[in-house]
Amino acid sequence: MCTNFDMDELRRLGKRFKKLDIDGSGSLSVEEFMTLPELQQNPLVQRVIDIFDVDQNGEVDFKEFIQGVAQFSVLKMMVGNNLKDEQLQQIVDKTIIFADKDGDGKISYEEFCDMVSGLDIHKKLVVDI
């Protein structure tokens, strides 16, 4: 797995995963994800799960779990401690709703390009020396 988690973080994530894996199957179902208070009231919970469920088999194994958490931690690093987790989740949800033109719960490359066209992002990501 290619993540920036150290061994201590992986151990803690492993414990969290095992705690969520109520039936001990080695993967998380939608119902098990719904035990997370952060997701219980989220109308886009299936979209969040789809981000984690890379092989689209309806369940999230530990590798998918780690990779999914890593994706969200990149977002967290970008905003630092300026936003609460709920606020960050709202931004993610609204971004998906805004950009997901075909309603499949994902942002395709074309949808991403449409969303950022005209923003001159390349100018914002360059540092003049």
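Shown above is the structure to which this text applies.
Being a predicted model, the structure only gives us computed values, none of them experimental.

Draft legend 1. Spotlight on the overall build of the protein. Broken down by element type, the protein carries 8 helices and 2 strands. For the protein, the α and β elements follow one another from N to C terminus as α-β-α-α-α-β-α-α-α-α. Out of the 129 residues belonging to the protein, those deemed buried represent 30%. Accessible area of the protein: about 9,200 Å², with a carbon and sulfur share of 57%.

Draft legend 2. Up close: the nonpolar core. L28, F33, L39, F52, V60 and F65 are the most contacted members of the largest nonpolar core, which totals 19 residues. Breaking this core down by element, the ones donating at least two residues are helix 1 (7-20), helix 4 (45-52), helix 5 (62-79) and helix 6 (85-99). Residues within four places of F65 in sequence aside, it is in contact with L13, F17, L20, L28, F52 and V60.

Draft legend 3. Representation of the environment of G58 in the model. By the secondary structure assignment, G58 is in the loop between helix 4 and strand 2 (60-61). Judged by relative accessible area, G58 falls into the partly exposed class, the value being 40%. For the pair G58 and S29, spaced 29 residues apart in sequence, the C-alpha to C-alpha distance is 6.8 Å. When near neighbours in sequence (up to four residues on either side) are disregarded, G58 contacts L28, S29, V30 and D53.

Draft legend 4. Molecular detail of the environment of D50. With respect to the helices and strands, the residue D50 is situated in helix 4. For the pair D50 and G68, spaced 18 residues apart in sequence, the C-alpha separation works out to 9.6 Å.

Draft legend 5. Representation of the pattern of salt bridges within the structure. Within the structure shown, the criterion is met by 1 salt bridge. Of the charged contacts in the structure, one is a salt bridge between R12 and D8, with a shortest N-O distance of 3.5 Å. Taken as a pair, R12 and D8 lie in helix 1 at a separation of 4 residues, close to a single helical turn.

Draft legend 6. Looking closely at empty space enclosed by the protein. According to the stated counting rule, one finds 1 cavity of 30 Å³ or more in the structure shown. What the largest cavity holds in volume is close to 30 Å³. What lines the largest cavity is L44, R47, V48, I51, F72, Q89, V92, D93 and I96. Of all the elements in the fold, those that place two or more residues in the lining of the largest cavity are helix 4 and helix 6. Counting residues domain by domain, the lining of the largest cavity receives three or more from each of domain 1 (7-79) and domain 2 (85-118).

Draft legend 7. Quick look at helix 6. Across its 15 residues, helix 6 extends 21 Å between first and last C-alpha, which sits within 8% of the 21 Å expected from 1.5 Å per residue. For helix 6, the full list of buried residues reads L88, Q89, V92, D93, I96 and A99. Burial along helix 6 is one-sided: seen end-on, the buried residues are contained in an arc of 150°. Those residues of helix 6 that are exposed and angled more than 90 degrees off the buried face are K94, I97 and F98.

Procedures and definitions
Every chain is numbered independently, its residues counted from 1 as its sequence is written. pLDDT decides what is reported in this predicted model: residues at 70 or higher carry local features, side-chain atom pairs at 80 or more are listed and counted, and totals for whole chains, interfaces and linings draw on all residues regardless. To get the side-chain values, all heavy atoms of the structure are used, and hydrogens and water are removed first. Only runs of H or I of at least four residues qualify as helices and only runs of E of at least two qualify as strands under DSSP, and these elements are numbered from the N terminus. Each residue gets one of three labels from its accessible area relative to the maximum for its type: buried under 20%, exposed over 50%, partly exposed in between, using a 1.4 Å probe on protein chains only. For every accessible area listed, the method is Shrake-Rupley and the probe measures 1.4 Å; residues are considered covered only by the protein chains on display. Within this scheme, the nonpolar core is defined by two criteria: the residues are buried Ala, Val, Leu, Ile, Met, Phe, Trp, Tyr or Cys, and they are joined through side-chain atoms within 4.5 Å. It only takes one pair of heavy atoms within 4.5 Å for two residues to be counted as in contact. A carboxyl oxygen of Asp or Glu within 4 Å of a side-chain nitrogen of Lys or Arg is what we treat as a salt bridge. Using a grid of 1 Å spacing that covers the protein atoms alone, one calls a set of points a cavity when a 1.4 Å probe fits there but cannot get out, and a pocket when the set is open and has protein on both sides within 12 Å along at least five of seven lines; lining residues are those with an atom within 4 Å of a point. Grid points are joined across faces, edges and corners, and a volume is the space filled by probe spheres set on the points. The domain limits used here are those given by an automatic or database domain assignment. For a helix, the expected span equals 1.5 Å multiplied by the number of residues minus one. Each direction from the helix axis to a C-beta atom contributes to the arc, which is the arc of those directions.

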